[in-house]
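Structural features, examined
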Number of protein chains: 2
Amino acid sequence: MKNKAITSRDENFAKWYTDIVRASKLADYSTVKGCIVFEPNGYAIWEKMQSVLDKKFKELGHQNVYMPLLIPQTLLEKEGELIEGFAPEGAWVTEGGKNKLEEKLMVRPTSETLFSDYYSNKVKSYKDLPLLYNQWCNVMRWEKETRPFLRTREFLWQEGHTVHASAEEAQEETIRMLNVYKDFFENYLAIPVIAGKKTEKEKFAGAEYTYTIEALMYNGVALQSATSHYFGQKFSKAYNIAFLNKENKLENAYQTSWGSSSRMIGALIMVHSDDNGLVLPPKIAPRQVVIVPIGKEGEILSLANDINKKLSENGITSFVDNSEKSPGFKFAEHEVNGIPVRVELGMRDLQNGKICLARRDTRERIFIENDENVVKNIITLLDDIQKNLFNLALERNKQKTYTAKNLEDVKQIMSTQPGFIYASWCGDKECELKMKEIRGTKSRCIVENQNVDNDVCVVCGKKAKHMVVWGIQY
Amino acid sequence: MKNKAITSRDENFAKWYTDIVRASKLADYSTVKGCIVFEPNGYAIWEKMQSVLDKKFKELGHQNVYMPLLIPQTLLEKEGELIEGFAPEGAWVTEGGKNKLEEKLMVRPTSETLFSDYYSNKVKSYKDLPLLYNQWCNVMRWEKETRPFLRTREFLWQEGHTVHASAEEAQEETIRMLNVYKDFFENYLAIPVIAGKKTEKEKFAGAEYTYTIEALMYNGVALQSATSHYFGQKFSKAYNIAFLNKENKLENAYQTSWGSSSRMIGALIMVHSDDNGLVLPPKIAPRQVVIVPIGKEGEILSLANDINKKLSENGITSFVDNSEKSPGFKFAEHEVNGIPVRVELGMRDLQNGKICLARRDTRERIFIENDENVVKNIITLLDDIQKNLFNLALERNKQKTYTAKNLEDVKQIMSTQPGFIYASWCGDKECELKMKEIRGTKSRCIVENQNVDNDVCVVCGKKAKHMVVWGIQY
C-alpha cells in the first residue's frame, strides 16, 4: 500500500517533503531559478487560505488595496534599518523600455516604504485615522537556497499595514492580528503554535518589536509561521506621516504591519502529511469529500449524486469521481492528494445496507448505515479528522518540547531529537550567537509574563531576563 | 448640486476622467512613475470583477495556477514574434542579491512563454489534454504615457492559457472565452460591446488570430476591452509541447490564451459615470445599497437595520451609514462613490408611511410605501438601474456608430463626433496605415460573416475583403 513515489518521512525528511510536493501536484520547479510554479492543487490551497483570512481581515474593518511592484531606491533608503535588512536580497530593475533607468527600482521584498509614502499624503488629521489596509501580492527576495513553498525567491503573501492616532491603538492592532493568525493556524490549519515576541536580534528590520507564531514540524524543526509588527513612529518619522491630533498639535502616526505567506502550505505538509501523500485538515482542504461509485449501476450513480448534492447543501465541498479509471487507481490518487474523506459506494456493501467511509488521516475504513444520517455522519467525520489532526500535532509537539539548563542539554537535545527548547536567557546577543553554534539554534520567541527571577542564562549562567523558546529553523 | 471637485465631462473629458478617479477614491498616483495605488474603492471593484469572472472560468473547467514573475531572456527569445512585440516595453531585472545576473530577466508582460515551458514538461499524451489553466497576477509594460487604469506600467489582470489535442477544440475555446467576456461586459458591466477578429496588423504578437471585444466610451473613443487568442502550434513548436496522439504519433499541441485586466475599471468610469462622480451598475458595485437614517430616533435606526438585514438575506450588499456626518454630506459622498441606491429614512416621510429611494443613475428620488414590499422594491430598482445603464450606453453607441464610404467621410466623422465607423477594407496593411493618419483611427475588428462582394475599400477603392469596425482608441 506504500506510495512508491514518496520517500519515507522517517528515512529522509527533506526528500520526503519534495516528493510530497511533486506527487500531490502542489508545485513544480520552474526554469526560473529559485521560483516555483504553483500547480492547481497547490494554488487551490492558497485560494482557500486567502478566502478564510480575507474574510476575517474584513470583519475586523480592514480594506484591500494594491501598491506598485517596484520601489525606487531613494524611497527605500529613507528608513535605514529596512533597507539594510533587505538590500542583500534585492532584485533590481535597472532597464525599462530599452533604456537604462536613471534610478534603479527594487522588486518589493515587502511594502512598508510604499504604504508609508502613500499614508504621508493621506493622513492629515486624527479624523483620518485609523487606516486599516491590506494587500495580497507577490514579493521577491533573492534567496540563495530555496525549497518549494518554504523559501523561494518569489512568494505570495498578504501584508497588512495600518496607521493609528495612538501608540496604544497600534499596539492593540499588533496583538489582535497576531491572534487572528494563531486562531487560523490552530482552528483551520490544525497546527498548534507558540505565540511570543521576537528578540531584538530576530525582530523585523525597522520594527519596534515583532510578534510571531512558531510551529513545530514533524521532524522537530521550527517554522516562523506569521508575524505581526509594531513600528511605533519609526516609519512615520522617516516618511513624514503626521496628523493634527485632538489637541490640534502635529504628531507622527503609529504603525503596524502583519503578514502571512504561501509558506503556510509548506507547514501544512510538514505537520500533517505522511508516507502516502498529502494530508489536509478538512477546514482548509479545497475539496473535502470525494464520492467514488464502484460499478456503473444507475442505483449507485444516483446515490452518489444524491449524497454529493446534500453535502453541497450543507456547505461541504464534494465531488463525484465518475471517471474511467479503476477504483484502486482513484483511491490512490485521492489519497496522495489529501482529500480528507472518501465515500466508497459498492454494490455488495449497499446490498447489506452499508456505505464505506475512508478517512485520510488514519486511513481507517468505516462502514456506516445507508440511511438518512449519511450526510450527518460524513460531516461528523470531517469534524473528527480536523480535531484528530490538531491533537496529533499537539501531542507530538509535547514530546518534542524540552527544557534546558545549560549548553550541554541543548547540544544533546538538538543533536538527537530536536524540538522546542524552553531555556532562560540573560538578554545578551552574544549568548544568542553561542546558541546558534549548536546546529543553528535560534531564539523563536520570548515567552511573555513568565517569572525568571530565580533563573540563570542557559549560555552564560548570569541572571536571566526572559524565558525563551529556542529551535532549529527553516 | 454639481460636484465641484469634478470637471464637466463635456468640457474636458480627460480631466473629468482623472477627477473621477481621484474624487471617487479609486486610485492615487504613486511615487513610482507610471504606476498607481489601487485604493480601497478601486480595489473592491477589481475584487468584484475577479469573483464573477473566476466563478465563470471555474464552471467551465479552468483551474488557477501561478507562474513566476520573471522570465529569463533566453526563454523569451524562443518564440520570435512575441519577444519582438514586447521587447520595447520590457522592464528588466539585471541585479539580484547584490550581484549582476548572468542572464537578465524580464518582469512578465504576459506569460505565454512560462506556460509553454511548463506545458512542454507536462504534456506527453492526448490523455493529458486539455489543460485549462488561468492565473490572476500583475504584469508590467514600460509604457511612456500612462493614465490610471487605462494604461499603466504595472496592471492587474488574468491570463488564461490552455493547451489542446486538436485545432478545433482550441478554436472552440477561443470563441467560448470571447463569449464569456462579452457576456460579462454586457450583463455585469452593462457595457455593450462589438466582438470580432483583429486584423493581422492589430493581432497579438505570436497569435494565429486574435478575437477582441471593443467598447465605446462616452466621448466616442474605443477601448479594446478583452482579447482571446488562438495560437495554433506557434508556441508548441517553439517550446516543444508535443503529445502522442490517438494514432500514437507525436503531434504539437494547440494553444489559446485570453485575458482581461484592471483596465475594465477605466471602461466602467468612461461609459457610465457623470459629472457627479462614479456610476456603477448594481451587479458590479461592491456596495449596492446604502441606508441613511436621518435623525437619531430608535424607530428609524431599527428600521434601517431591519432593511439592511433583509437585503443581505436576499444577497444584496448593503450597509447602514450611521456616522456622525450630516445627511447632506453623506448623500454627496455616496453619490460620488457610485452606490447605486440610497435609502433615505426620514421621520417626516415615515410618519406619512413613506421611504425615499434615490437612484444614482438618473438621480431621481422615488417615494415608496413603507410596507412589506420595501425590500422587493429595492431589488426591482437595482434591476432597473442595471438595465437602464446598459440601454443608455447602447443608445449612445447607436448615435455614435457610422458608416463611411471614403476617407473624406472618415475625416469628417472623426474630427467632429468620433465613434465606431463601419467601412469595408481591401485587406492591405497600407490602407490601415492611411486610416491611422486620421486622428490615429485603427481597425477595431473585422465583422465576421458579412458579405462585402459588392463593396470597395474605404481607402484605396479596390475590391473589399472585409467589413471592418474602425475607431480612435485608448
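Below is a short write-up of the structure. Remember, predicted model here, so these are calculated numbers, not experimental data.

Considering the interface of chain A and chain B
At the interface, 51 residues of chain A touch 51 residues of chain B. Roughly 4,200 Å² of surface becomes buried between chain A and chain B when both sides are summed, with 60% attributable to carbon and sulfur atoms. The salt bridge partner of Lys-122 of chain A is Asp-28 of chain B, with a shortest N-O separation of 3.5 Å. Here chain A is connected to chain B by 30 residue pairs in polar contact (both at pLDDT 80 or more).

Here's the deal with the pairing of strand 15 (residues 289–294) of chain B
Residue and element names in this part refer to chain B. Among the six residues of strand 15, five are classified as buried, and the element is accordingly described as predominantly covered. As paired strands, strand 15 and strand 16 (residues 318–320) are joined by three bridges and run parallel to one another. Note that in strand 16 the partner of Val-289 across the bridge is Ser-318. Bridge count between strand 15 and strand 17 (residues 341–346): six bridges; the pairing is parallel.

Looking at the relation of the copies chain A and chain B
Put simply, the two copies of the chain differ by a rotation about an axis and a shift along that axis. Once turned by 180° and shifted 0.0 Å along the axis, chain A lies on chain B with an RMSD of 0.0 Å. Here the copies are linked by what is in effect a two-fold axis. Using C-alpha coordinates, one finds that chain A approaches the rotation axis most closely at Val-93 of chain A, a distance of 2.1 Å. Interface overlap between copies is the fraction of interface residues in one copy that are interface residues in the other; for chain A against chain B it reaches 100%, indicating a shared surface.

Section: the packing of aromatic side chains
Applying the stated criterion to the full structure yields 44 aromatic pairs over all chains. Relative to Phe-149 of chain A, the ring of Phe-38 of chain A lies with its centre 5.4 Å away and its plane at 80°, an arrangement referred to as edge-to-face. Here Phe-38 of chain A, found in strand 2 (residues 36–38), pairs with Phe-149 of chain A, found in the loop between strand 7 (131–140) and strand 8 (154–164); they are 111 residues apart in sequence, far enough to count as distant. In this structure, Phe-38 of chain A and Phe-149 of chain A share a single accessibility class: buried. Above the face of the Tyr-218 of chain A ring, Arg-9 of chain A is positioned so that its terminal group lies 3.6 Å from the ring centre. Taking the ring centre of Phe-319 of chain B as reference, the NZ or CZ of Arg-287 of chain B above it sits at 4.3 Å.

What to know about the packing of helix 2 (residues 40–59) of chain B against helix 6 (residues 167–187) of chain B
Residue and element names in this part refer to chain B. One can describe the packing of helix 2 onto helix 6 by two numbers: an axis separation of 11 Å at closest approach and a directional angle of 145°. Classified by chirality, the crossing of helix 6 by helix 2 is right-handed. In this structure, helix 2 contributes Met-49, Val-52, Leu-53, Lys-56 and Phe-57 to the contact, and helix 6 contributes Met-177, Val-180, Tyr-181 and Phe-184. Of the residues in the contact of helix 2 with helix 6, the class split is eight nonpolar, no polar and one charged.

Let's talk about the state of the cysteines
Taken as a whole and judged by the stated rule, the model has zero disulfides over all chains. No disulfide involves Cys-35 of chain B; its sulfur sits 13 Å from that of Cys-137 of chain A, the nearest cysteine.

What to know about the environment of Asp-117 of chain B
Along the chain, Asp-117 of chain B falls in helix 5 (residues 112–122). Sequence separation between Asp-117 of chain B and Lys-78 of chain B is 39 residues; the distance between their C-alpha atoms is 10.0 Å. Leave out the neighbours within four places in its chain, and Asp-117 of chain B touches Thr-31 of chain A together with Leu-75 and Tyr-239 of chain B.

Considerations on the pairing of strand 22 (residues 442–447) of chain B
Residue and element names in this part refer to chain B. Across the six residues that make up strand 22, a large majority, six, are buried. Pairing of strand 22 with strand 23 (residues 466–471), which is carried by five bridges, proceeds in the antiparallel orientation. Paired with Cys-445 across the bridge in strand 23 is Val-469.

Side note on the sheet that holds strand 19 (residues 365–369) of chain B
Residues and elements named next belong to chain B. A sheet is described by the order of its strands in space; here five strands give the open sequence 16-15-17-18-19, paired in mixed fashion. Only two strands of the sheet have a single neighbouring strand rather than two, namely strand 16 and strand 19. Neighbouring strand axes in the sheet, compared pairwise and without regard to direction, differ in orientation by 25° on average. With five bridges joining them, strand 18 (residues 354–359) and strand 19 adopt antiparallel strand pairing. Bridge assignment links Lys-354 to a residue of strand 19, and that residue is Glu-369. Packing of helix 12 (residues 374–399) onto the sheet brings it into contact with strand 15, strand 17, strand 18 and strand 19, and relative to strand 18 it is tilted by some 20°.

Describing the nonpolar core
All names here are of chain A. Met-49 and Phe-149 are the most contacted members of the largest nonpolar core, which has 82 residues in total. Per-element tally for this core: the top contributor is helix 6 (residues 167–187), with eight residues. The contact partners of Met-49, leaving out residues within four places of it in the chain, are Phe-184, Leu-189, Met-264, Ile-265, Leu-268 and Ile-284.

So, helix 9 (residues 298–313) of chain A
All names here are of chain A. End to end, helix 9 covers 22 Å across 16 residues, agreeing with the expected 22 Å (1.5 Å per residue, within 8%). For helix 9, every residue scored as buried is listed here: Ile-300, Leu-303, Ala-304, Ile-307, Asn-308 and Leu-311. Considered in projection along helix 9, the buried side chains sweep an arc of 135° and stay on one side of the axis. Facing away from the buried side of helix 9 by over 90 degrees, the exposed positions are Glu-299, Lys-309 and Glu-313. Check the buried side of helix 9 and you find it contacts strand 15 (289–294), strand 16 (318–320), strand 17 (341–346), helix 11 (347–351), strand 18 (354–359) and helix 12 (374–399).

Quick word on the environment of Leu-129 of chain A
Residues and elements named next belong to chain A. The topology assignment puts Leu-129 in the loop between helix 5 (112–122) and strand 7. Along the backbone, Leu-129 and Thr-162 are 33 residues apart, and their C-alpha atoms lie at a distance of 9.3 Å. Non-local contacts of Leu-129, meaning those with residues more than four positions away in its chain, are made with Val-123, Val-163, His-164, Ala-165 and Phe-243.

A few points about the sheet that holds strand 6 (residues 99–107) of chain A
Reading across from one edge, 4(A)-6(A)-5(A)-5(B)-6(B)-4(B) is the order of the six strands in this open sheet, with antiparallel pairing throughout. Looking at strand neighbours, the two that pair on one side only are strand 4 (70–72) of chain A together with strand 4 (70–72) of chain B, the edges of this open sheet. The average undirected angle you get between the axes of adjacent strands in this sheet is 45°. Taken together, the five bridges between strand 5 (residues 91–96) of chain A and strand 5 (residues 91–96) of chain B define a ladder with antiparallel strand orientation. Note that in strand 5 of chain B the partner of Ala-91 of chain A across the bridge is Gly-96 of chain B.

Quick word on the pattern of salt bridges
Opposite charge on two side chains permits pairing when their charged atoms draw close. Under the defined criterion, the tally for this structure stands at 58 salt bridges over all chains. The salt bridge partner of Asp-28 of chain A is Arg-22 of chain A, with a shortest N-O separation of 3.5 Å. The partner of Arg-360 of chain A in a salt bridge is Asp-274 of chain A, and the shortest N-O contact between them spans 2.8 Å. Here Arg-360 of chain A, found in the loop between strand 18 and strand 19 (365–369), pairs with Asp-274 of chain A, found in the loop between helix 8 (263–272) and strand 15; they are 86 residues apart in sequence, far enough to count as distant. In this pair, the class of Arg-360 of chain A matches that of Asp-274 of chain A, namely buried. The structure contains a network of salt bridges with shared partners spanning Arg-22, Asp-28 and Glu-39 of chain A together with Lys-122 of chain B.

Quick word on helix 1 (residues 13–23) of chain B
Residues and elements named next belong to chain B. Among the residues of helix 1, Phe-13, Trp-16, Tyr-17, Thr-18, Asp-19, Ile-20 and Val-21 are the ones counted as buried. Structurally, helix 1 contributes buried residues whose contacts are with strand 1 (27–29) and helix 8 (263–272). Two residues or fewer past helix 1, Lys-25 is found with a positive phi of approximately 55°.

Procedures and definitions
- Residues numbered from 1 in each chain as written.
- Chains lettered and ligands numbered in written order.
- Predicted model: local features only at pLDDT ≥ 70, side-chain atom pairs only at ≥ 80, totals over all residues.
- Heavy atoms only, no water.
- Contact = heavy atoms within 4.5 Å.
- Buried area = accessible area lost by both parts, 1.4 Å probe.
- Salt bridge = Lys/Arg side-chain N within 4 Å of Asp/Glu carboxyl O.
- Polar contact = N/O pair within 3.5 Å; in protein donor to acceptor, adjacent residues only side chain to side chain.
- Buried < 20%, exposed > 50% of the residue type's maximum accessible area, 1.4 Å probe, protein only.
- Helix = DSSP H or I, 4+ residues; strand = E, 2+ residues; numbered from the N terminus.
- Pairing = 2+ DSSP bridges.
- Least-squares fit on C-alpha atoms with pLDDT ≥ 70 in both.
- Phe/Tyr/Trp six-rings, centres within 6.5 Å; stacked < 30°, edge-to-face > 60°.
- Lys NZ or Arg CZ within 6 Å of the ring centre and 35° of its normal.
- Axes fitted to C-alpha atoms, helices over the stretch in contact; angles between N-to-C directions.
- Left-handed = near helix turned anticlockwise from the far one by under 90°.
- Nonpolar A, V, L, I, M, F, W, Y, C, P; charged D, E, K, R; others polar.
- Disulfide = S-S within 2.5 Å.
- Core = buried A, V, L, I, M, F, W, Y, C linked by side-chain atoms within 4.5 Å.
- Expected span 1.5 Å × (residues − 1).
- Arc of directions from axis to C-beta.

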